[in-house]
Structures are given as C-alpha cells and as structure tokens.
Amino acid sequence: MTSLALQHQSVNLAQGFPDPELEGPKDMLDHVAERMTETPNQYAPMMGIERLRKTLAKHSREYTGIDVCPNTEVLVTLGATEALASAFFGILNPGDEAIVFCPSYDSYIPVMERAGAVCKLIHLKPPEWTFSVDELQSLFSKKTKLIVVNTPHNPTGKVFSTDELNVISKLCIEYDTYAVLDEVYQFATYPGITHTSLQSLDGMRDRSIRIGSAGKTFSFTDFKVGWLVGPKELVAACAKAHQFLTFSINSKLQSSVAYGLDNCKDFYTTLGSVFKKKRDRLQEKLQGLGFIVLPAQGTYFLVADFAPIMKQCGRDLNDSEFCIELTEKAGVTVLPISAFYPSGCNHCHVPRTLVRFVICKTDEKLDDSCNKLENYILNL
C-alpha cells in the first residue's frame, strides 16, 4: 500500500512510522553524531555494548519489575523484527507447534514456518478483540513449543488484561510452553490503562522472552535497535540465531539508545498521552463521516469499520478494494485488516470491512486526510 500511496501521491496513513515533528529527542541525535567521530569503528560485541545491556536490565526492573542479568539475559538486536526472528529460530524446531493471536504483525507466521513450525491460530474477535478461553485451550498440546503475545497489539490496539494474561500463563505452565512477548508498544499504552508483561507473572519469568524496540520507544524507526530479555538458557539460544543473522549492531546507535533510556524518560513515558489525543481527534472526525471506530487501549493505530458507508451508498467493497479505491480516488491510504491474517486462513474469521489508520502524524495531516475522505464519501 505504501508503493501505491507513492504512485498516487496520497496521504500515507498505512505504514507505521511517525512524522518528523513527532520524532524523539534531539539530544539522542546529537549523541550519535558525537560518537560517530570516535574510534574504534569496528564490530560491536555480539550481545550488545555493556552500557546498553546494563541500562536495559535497569529498565526491565524499573518498568516491569523483572530483574535480569545484563551479561547473560539481555541481547541487543537489529530492531525488534530481528529479535523476533532470533527468538523463533533459536527456540523452534521442525514440527513444533506455535500459537499466534490473529490478526497479527505480519512477520510472525512466515518466520516461524520458515523455522519448520506449525502455526495454530487463535482469533481475536472484534469489536473488543476478545478471545475464547476454550478455543485457546484446545490449541495447546504436548507439541506446543511457544505462544506469541503482542501487547499492546498491532494492528488492533488491544492491551491484554491481567485476567487474559493469567489464562495464558496457566496454560503455558501446564503444557511447558515458552512465550515470546512482543511489547514494543509498551509506552504507547493509553492513560488509565495498565500494561502488564506476561513475563512478570508467577512461573513465567523463566519461560518468556520479552522484546522491545528503540524505534517505537523513541519514534526513531530508522535506528533499528531492538532487544530481548529472558532467562539465560533462552537468551543463549536466541543469540545463536542472532550470531548468523546480523551478529552485531551499530555501537554508536546503541550508545544513543542507552543515553535516551536514562535521560529522555519524559519523552517515552508520555507517548501514550500523545497518541491518545491524536486517536481521539481522528476518531471524532471518522465517526462524523460514518465510520464505526473500534475501541483500543494503546499503540499508534486506529481500526475502523466502513460497513455503514457501504450500506449508505449501496456498494459492497471488501477491505482491500476499499483501501485501493481510497488511495486512487480519495488520496488517503490505509491498510486492510485482512492483510494481518495469513493466506488460507478460515475466511469466516477474517473481517472484511475493517481498516487500520496510523495516528502518529501531525494534526494537520490527520485533518487533511479527513477532509479528503469527506469529499470522497460525498461523491459516492
């Protein structure tokens, strides 16, 4: 959709990257610039530079209550996507089963299948994106090696409740299952909502890998610095995969991330408030245009249902068709939610009138998009 947006010069509310005005602290950029002139400029330590590993251990303790050893239980990666790949390749063997909540971030299933795993899907049901405990329990077996839990969740914005996490933890313990926790939007949790890491629950500390991202924490997606923390044995397994995927990460960027985590807390601890205000702004305008906006508790995404608009104009576009037409005729690009389901997924479970908007844009861009949408809808 981004290629289509570029082709038609439309406003891109599809791809998840913040506008320049919303990027992170300038101090971090200055820090990188200063370090780039220093020597040495050689391979960084495979596990990550010591300063960042120590900072991440302190960060884990401060924000999740989990103590980790910086020397053996922290691994720095080329962004969170590489952390995910290292975890999947490090933990899974051919024939293992892995459970994934759908819709899901699009890298999970292809990478796990490339590792030889069989993916079992548990469906989050709109509008609240709830799941059936019985359905989840039915997917667990002696073959279940891991479950992926992404909270706050992309693309829905769901934050898993403590009750939901307790259900998952009990099943993981009962079936001796590992958990890979994608928590890159931790600080994009909205005010009044509590983010709880599954890793912090009883019995889960030694069976979980928790993943974070500087790109999401500081709105510097170009940095591509991620990390994972977990028990020594699991981190060692992930490190074996990491060694042959990327080996090491730019030390100057790592240094800047350590600096930012220590000195720029006012930026990342207020992300939830910033994104909630933008979500509220866009939600009001979309509802006024006839969309139904689904609830969310975090991230910089908004999911909306365009079915009422189709009903009003007597048309029957699915989400992919709607997104293409919006790009070509309205000049606004968003993503179809069906794109977050694997091909061949049971069509009964795949919503076909939901689209995802990215809200980490300037107010002017969000308002301009809504004006374009209004003109499009008036001419249907």
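Refer to the structure printed above.
Residues numbered from 1 in each chain as written. Predicted model: local features only at pLDDT ≥ 70, side-chain atom pairs only at ≥ 80, totals over all residues. Heavy atoms only, no water.

S.K.: Is there a simple way to think about the overall build of the chain in this case?
M.R.: Counting its regular elements, the chain contains 15 helices and 13 strands. In terms of C-alpha radius of gyration, the chain reaches 21 Å, essentially the compact-globule figure of 21 Å for 380 residues. A principal-axis box enclosing the C-alpha atoms of the chain has dimensions of 60 × 55 × 35 Å. Within the chain, the proportion of its 380 residues that are buried is 57%. Contacts in the chain between residues far apart in sequence, at least 24 positions, make up 74% of those at least 6 positions apart. Carbon and sulfur atoms provide 49% of the accessible area of the chain, an area that totals close to 16100 Å². Computed over 38 positive and 44 negative side-chain charges, the inter-centroid distance for the chain is 3 Å. (Helix = DSSP H or I, 4+ residues; strand = E, 2+ residues; numbered from the N terminus. Rg over C-alpha atoms; globule rule 2.2 N^0.38 Å. Buried < 20%, exposed > 50% of the residue type's maximum accessible area, 1.4 Å probe, protein only. Contact = heavy atoms within 4.5 Å. Areas by Shrake-Rupley, 256 points an atom, 1.4 Å probe, with all protein chains shown as cover. Lys, Arg positive; Asp, Glu negative; His and termini not counted. Charge placed at Lys NZ, Arg CZ, Asp CG, Glu CD.)

S.K.: How do you make sense of the sheet that holds strand β8 (residues 226-229) when you look at a structure like this?
M.R.: Within a sheet, neighbouring strands are paired by backbone hydrogen bonds and run either parallel or antiparallel to one another. The seven strands lie next to each other as β2-β8-β7-β6-β5-β3-β4, forming an open sheet whose pairing is mixed. The strands lining the two open edges of the sheet, one partner per strand, are β2 (74-77) and β4 (118-123). The average angle at which neighbouring strand axes cross in this sheet is 20°, direction not considered. Relative to strand β5 (residues 144-150), strand β3 (residues 97-102) is paired through four bridges, and the arrangement is parallel. For I99, the partnering residue across the bridge sits in β5 and is I147. Each of β2, β6 (178-182), β7 (208-213) and β8 is contacted by helix α9 (residues 232-245), which is oriented at about 25° to β2, the strand it contacts most. (Pairing = 2+ DSSP bridges. Axes fitted to C-alpha atoms, helices over the stretch in contact; angles between N-to-C directions.)

S.K.: Looking at this structure, I do not really get the layout of surface pockets. What am I missing?
M.R.: One simple way to see leftover space: roll a probe sized like a water molecule over the atoms. What the largest pocket holds in volume is close to 630 Å³. Going through the elements one at a time, α4 (79-91) and α8 (214-218) are the ones with two or more residues in the lining of the largest pocket. Ranked by the residues each element gives to the lining of the largest pocket, the list is headed by α4, at four residues. Residue classes in the lining of the largest pocket are distributed as 14 nonpolar, ten polar and five charged. (1 Å grid on protein atoms, 1.4 Å probe; cavity = no way out; pocket = protein on both sides within 12 Å on 5 of 7 lines; lining within 4 Å. Points joined across faces, edges and corners; volume = space filled by probe spheres on them. Nonpolar A, V, L, I, M, F, W, Y, C, P; charged D, E, K, R; others polar.)

S.K.: What am I meant to see in empty space enclosed by the protein here?
M.R.: Overall, the coordinates contain three cavities of 30 Å³ or more when judged by the stated rule. For the largest cavity, the calculated volume is near 80 Å³. Contributing to the lining of the largest cavity are H59, E183, V184, Q186, F187, R210, I211, G212, S213, T217, W227 and L261. Considering each element in turn, the lining of the largest cavity owes the most residues, four residues, to β7. For the lining of the largest cavity, a count of residues per class yields five nonpolar, five polar and two charged.

S.K.: Looking at this structure, I do not really get helix α3 (residues 50-64). What am I missing?
M.R.: Residues lying three or four places apart along an α-helix face the same way, a consequence of the helix completing one turn every 3.6 residues. Here α3 spans 21 Å end to end across 15 residues, near enough to the 21 Å set by a 1.5 Å rise per residue. L52, R53, T55, L56, A57, H59, S60 and T64 are the residues of α3 that are buried. On its buried face, α3 is in contact with β2, β7, β8, α10 (251-263) and α11 (265-268). (Expected span 1.5 Å × (residues − 1).)

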